[in-house]
Amino acid sequence: MQTYKQRTLDFLEIEWATYVDRFNRLPKDVGEKRVKAQGYERFRDMLAHVLAWWEEAMPIILAIAEEREYERKKYDFDVFNAGAIEKYKDWDETEFLTHFEKMRQKSAADLRSMNEAAWENRRVKSWINGVFIHHAREHLVALSRFLTLDTLESEWAAYIENFTKIEDKDSFLKKQGVENFREMLGHVIGWWGEGERIITGVLKDPNFKWQDVDTDAFNAELIKKYNGLSDAEVQREFEDNRLKMIKLVRDLPEDAFSNPDIEEWLAADVVEHFDEHAIGR
């Protein structure tokens, strides 16, 4: 089983290492639309935001790991993020991207050399999760196989166990718009199945067309279906389908992630859907 340390390093050395190149392969209009949907005028501004949080986090992470004092701050996130854009707005493009890459490499090197005990520290994990792992999903603009698999193998894999640890389960379920956890899992299973059906169809026939389902009606049918099963049956089906999705993603040809239909379904079905229904946020 992959360690938390290796998972973190993989985010830096695989996901973030290819982040700029993946974005640059998008058609210009698609890239601009996705960046604006994130709330930024330019991709460069979003990179500045990401970079600034790396630069903020790493000295704190290392100080915690080495049991040194560091300045505790209360962040005004809007002010911090605006400052990040302002800081780098006049930098030469090549100089900025070179700095971004150097910071990525330095962060990976520093984390790799961090003492092993620090990887179990709650505050270290909180910073790592925020700026390297969750940030990659939050600022998803061009999906990778790595991020898709990580979400299935790390995040969704722990979903049932994490639910059992919630003290106020009723509040979580109410927030998700369901009556019980069977309905929640059934909702996820159903949309994975719909995504798999469409992705498989596109792979077999580039001209494959599908009709969008009525979302409310589709969700209502899933609730009805999975309420008729036991908790154990639904949980087994969830796990079977999670493994099925992993195989589907692993077997995809590399150019499948350049197909907008496949990429958008996987992004919505696997990655964005997880954060939409995440436990503990």
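Residues numbered from 1 in each chain as written. Predicted model: local features only at pLDDT ≥ 70, side-chain atom pairs only at ≥ 80, totals over all residues. Heavy atoms only, no water.

Participant: Give me the overall build of the protein: which residues, what numbers.
Facilitator: Helices and strands together make up the secondary structure of the protein, namely 14 helices and zero strands. Secondary structure of the protein in N-to-C order comes out as α-α-α-α-α-α-α-α-α-α-α-α-α-α. A compact globule built from 281 residues should have a C-alpha radius of gyration of about 19 Å, and the protein, at 20 Å, falls within 12% of that. Taken over the C-alpha atoms alone, the protein extends approximately 55 × 45 × 35 Å along its principal axes. Expressed as a percentage of the 281 residues in the protein, the buried residues total 48%. Here the analysis covers contacts within the protein between residues at least 6 apart in sequence; of these, 79% occur between residues at least 24 apart. Accessible surface, the protein: about 15,300 Å² in total, of which carbon and sulfur atoms supply 50%. The distance from the centre of the 41 positive side-chain charges to the centre of the 57 negative ones in the protein is 2 Å. (Helix = DSSP H or I, 4+ residues; strand = E, 2+ residues; numbered from the N terminus. Rg over C-alpha atoms; globule rule 2.2 N^0.38 Å. Buried < 20%, exposed > 50% of the residue type's maximum accessible area, 1.4 Å probe, protein only. Contact = heavy atoms within 4.5 Å. Areas by Shrake-Rupley, 256 points an atom, 1.4 Å probe, with all protein chains shown as cover. Lys, Arg positive; Asp, Glu negative; His and termini not counted. Charge placed at Lys NZ, Arg CZ, Asp CG, Glu CD.)

Participant: Quick one: what's the story with the packing of helix α4 (residues 43–65) against helix α5 (residues 77–88), residue by residue and with numbers?
Facilitator: Close contact between α4 and α5 brings their axes to 8 Å; oriented N to C, the two are set at 110°. Comparing their axes, α5 and α4 come out roughly perpendicular. Of the two possible hands of crossing, α4 and α5 adopt the one that is right-handed. Of the residues in α5, those touching α4 at R44, D45, A48, H49, L51, A52, W53, E55 and E56 are F77, F80, N81, A84, I85, K87 and Y88. Among the residues forming the contact of α4 with α5, the class breakdown is nine nonpolar, two polar and five charged. (Axes fitted to C-alpha atoms, helices over the stretch in contact; angles between N-to-C directions. Parallel < 35°, antiparallel > 145°, perpendicular 65-115°, else oblique. Left-handed = near helix turned anticlockwise from the far one by under 90°. Nonpolar A, V, L, I, M, F, W, Y, C, P; charged D, E, K, R; others polar.)

Participant: Account for unusual backbone geometry, naming residues and giving values.
Facilitator: The residue E67 is not glycine, and still its phi comes out positive at about 55°. With respect to the helices and strands, the residue E67 is situated in the loop between α4 and α5. Owing to a relative accessible area of 76%, E67 belongs among the exposed residues under this scheme.

Participant: Would you mind going over the pattern of salt bridges in detail, with residue names and values included?
Facilitator: Throughout the structure, instances matching the rule amount to 26 salt bridges. Here K5 makes a salt bridge to E116, at a shortest N to O gap of 2.7 Å. Linking K5 in helix α1 (residues 4–15) with E116 in the loop between α6 (93–112) and α7 (122–138), this pair joins segments that are 111 residues apart in sequence. Salt bridges here are not isolated pairs; linked through shared partners, they connect R7, R137, D150, E155 and D275. (Salt bridge = Lys/Arg side-chain N within 4 Å of Asp/Glu carboxyl O.)

Participant: Would you mind going over the packing of aromatic side chains in detail, with residue names and values included?
Facilitator: Here the structure, examined in full by the defined rule, presents 30 aromatic pairs. Summarising the aromatic geometry, the rings of Y75 and W127 are spaced 6.1 Å apart at their centres and angled 75° between planes, so their arrangement reads as edge-to-face. Placement of the pair is Y75 in the loop between α4 and α5 and W127 in helix α7, with a sequence separation of 52 residues. For W127, a relative accessible area of 19% corresponds to the buried category. Here the guanidinium or amino end of R44 rests over the ring plane of F96, the centre of that ring lying 4.5 Å away. Over the ring of F163 we find K169; its NZ or CZ atom is 5.7 Å from the centre of that ring. (Phe/Tyr/Trp six-rings, centres within 6.5 Å; stacked < 30°, edge-to-face > 60°. Lys NZ or Arg CZ within 6 Å of the ring centre and 35° of its normal.)

Participant: Residues and numbers for helix α14 (residues 260–276), please.
Facilitator: An α-helical turn contains 3.6 residues, so any two residues separated by three or four positions project in the same direction. In α14, a bend of some 35° at A268 exceeds every other bend along the element. Listed in full, the buried residues belonging to α14 are I262, E263, W265, L266, A267, D269, V270, V271, H273 and F274. For α14, the secondary structure elements touched by its buried residues are α3 (28–37), α7, α8 (145–155), α9 (159–164), α11 (181–204) and α13 (231–251). With a side-chain oxygen lying 2.9 Å from the backbone nitrogen of D261, the N-terminal cap of α14 falls on N259. (Bend = angle between axes of the 7 residues up to and from the residue. Polar contact = N/O pair within 3.5 Å; in protein donor to acceptor, adjacent residues only side chain to side chain.)

Participant: Lay out the side chain of N219 in plain terms, naming residues and giving numbers.
Facilitator: Mapping N219 onto the fold places it in helix α12 (residues 215–227). The class of N219 is buried, set by a relative accessible area of 18%. Non-local contacts of N219, meaning those with residues more than four positions away in its chain, are made with H187 and W191.

Participant: Which residues make up α7, and what are the values?
Facilitator: Where α7 bends most, the angle comes to about 45°, and this point is N129. Burial in α7 covers these residues: V124, W127, I128, V131, F132, I133, H135, A136 and R137. Each element contacted by the buried residues of α7 is listed here: α1, α4, α6, α8 and α14.

Participant: Explain the nonpolar core residue by residue, including any values.
Facilitator: Counting 94 residues, the largest nonpolar core has I61, L111, F132, Y159 and L266 as its most contacted members. When residues of this core are assigned to their parent elements, the largest contribution, 17 residues, is made by α4. Setting aside residues no more than four positions away along its own chain, L266 makes contact with L143, T148, I199, M245, V249, L252, F257 and V271. (Core = buried A, V, L, I, M, F, W, Y, C linked by side-chain atoms within 4.5 Å.)

Participant: Tell me about the environment of I160, residues and numbers included.
Facilitator: On the secondary structure map, I160 appears in helix α9. For I160, a relative accessible area of 17% puts it in the buried group. Once the C-alpha coordinates of I160 and V213 are considered, the two residues, 53 residues apart in sequence, prove to be 27 Å apart. Discounting chain neighbours no more than four positions away, the residues touching I160 are F181, L185, Q235 and F238.

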